Amino acid sequence: MLIISWFVINRSFTKYTILAVLLTYFFMSIVPVKTIVTDPILASIVGGVLHGASVGITLNSDFSTGGLDIIGILVRKKSGRSIGSIFIIFNCCIQFIAGFLYGWQYAFYSALAVFISGKTVDFVNTKQKKVQIMLVTEHSEELIPMLQHLLKRGITIVNNVEGGFLKEEKKILFIVASQKEVNYLNQLVKNVDEHAFMSISPGVVTNTNFYEW
């Protein structure tokens, strides 16, 4: 998986993933195992949330915990599905095989943990959430090349719009970006045009997958 990641995804991503895998091995070997809860359903819920949050944080920070994370990213590049849903599908298939071989009781507990983990990954990983940004500005000539260079995003331009109060001529820029990029984009815009108006619409669905690593 790491070799595939090195050549297909990103070398920086792979280096940090290797570091994360080594640190995981190290801390799992030194941290003592202590039973906190004995109820398997409660353990599935807590374990699923903690695991999903940790995976979501790593993916949001441009690396992973290795293994299935890398498969999830590769499948997402082709399908556009959320990484959490890909995790759920892959892991539930594994749990079905485990249940058939070793018994269904613990397989169902594991499937519950997998489902909660996948949903938590999608909640935490804001990098894969798309938003549409409507930007009204008088400084489009400066903003457009800068945003295209730094964000690597396409921009749709609406010319000859007029401000309702001062009647000044402006342009509207439409950009689809990730939720993680919003604060960065807002800061870039304010550096050029502190009076620009920006409206953000979440939950955007596109017919192409712009998600990059």
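The numbers attached to residues start from 1 for each chain and follow its sequence in the written order. Local features in a predicted model are, by the rule used here, given only for residues with pLDDT of at least 70; side-chain atom pairs are given and counted only at 80 or more, and totals for whole chains, interfaces and linings are based on all residues. For side-chain calculations, the full set of non-hydrogen atoms in the structure is used, while hydrogens and water are omitted.

*Asks:* How should I be thinking about the nonpolar core in this particular structure?
*Replies:* Soluble globular proteins tend to pack their nonpolar side chains together in the buried interior. Buried Ala, Val, Leu, Ile, Met, Phe, Trp, Tyr and Cys residues form a nonpolar core when they are joined through side-chain atoms within 4.5 Å. Think of it in three bands: with a 1.4 Å probe and only protein chains considered, a residue is buried below 20% of the maximum accessible area for its type, exposed above 50%, and partly exposed in between. If you look at the biggest cluster of nonpolar residues, it comprises 16 residues, and the most contacted ones within it are Ile-133, Leu-135, Leu-147, Ile-155, Ile-175, Leu-185 and Val-189. Elements that contribute at least two residues to this core include exactly β1 (130-137), α7 (140-151), β3 (169-178) and α8 (182-192). Residues count as neighbours in contact if any of their non-hydrogen atoms are within 4.5 Å of one another. Residues contacting Ile-155, with those up to four places away along its chain left out, are Ile-144, Leu-147, Gln-148, Leu-173, Phe-174 and Ile-175. Counting residues in hydrophobic clusters, the runner-up holds nine residues, among them Phe-13, Leu-59, Ile-70 and Phe-87. Each helix is a run of H or I in the DSSP string that is no shorter than four residues. Each strand is a run of E no shorter than two, and both are numbered from the N terminus.

*Asks:* How do you make sense of the packing of helix α4 (residues 68-79) against helix α5 (residues 83-102) when you look at a structure like this?
*Replies:* Working convention: axes come from line fits to C-alpha atoms, limited for helices to the stretch in contact. Angles between N-to-C directions cover 0 to 180 degrees. At a closest axis distance of 9 Å, the pairing of α4 and α5 adopts a crossing angle of 120°. The angle between α4 and α5 places the two elements in the oblique class. For the pair α4 and α5, the crossing hand works out as right-handed. Facing Leu-68, Asp-69, Ile-71, Gly-72, Ile-73, Val-75, Arg-76 and Ser-79 of α4, the residues of α5 in contact are Ile-83, Ile-86, Phe-87, Phe-90 and Asn-91. Polar here means any residue other than Ala, Val, Leu, Ile, Met, Phe, Trp, Tyr, Cys and Pro, which are nonpolar, and Asp, Glu, Lys and Arg, which are charged; Gly is therefore polar. Considering only residue class, the contact of α4 with α5 consists of eight nonpolar, three polar and two charged. Small angles under 35 degrees read as roughly parallel and large ones over 145 as roughly antiparallel, with 65 to 115 read as roughly perpendicular and the rest as oblique. Helix crossings fall into two classes, left-handed where the near helix is turned counterclockwise from the far one by less than a right angle and right-handed where it is turned clockwise.

*Asks:* I keep staring at the confidence of the model for the protein chain and nothing clicks. Help me out?
*Replies:* Regions with low pLDDT should not have their predicted coordinates read in detail. Chain-level statistics for the protein chain give a pLDDT mean of 86 and a share of 96% at 70 or above. Scored from 0 to 100, pLDDT reflects the predictor's confidence in each residue. Ranking the helices and strands of the protein chain by mean pLDDT puts helix α3 (residues 40-60) first, with 92, and α4 last, with 81.

*Asks:* Please clarify how the side chain of Thr-17 should be interpreted in this entry.
*Replies:* Here Thr-17 lies in helix α2 (residues 11-30). Contact partners of Thr-17, with chain neighbours within four places excluded, come to Leu-2, Phe-63, Ser-64, Thr-65 and Gly-66.

*Asks:* Where do I start with the side chain of Thr-120 in this structure?
*Replies:* Turning to its location among the elements, Thr-120 is positioned in helix α6 (residues 104-124). Under the relative-accessibility criterion, Thr-120 is labelled buried at 14%.

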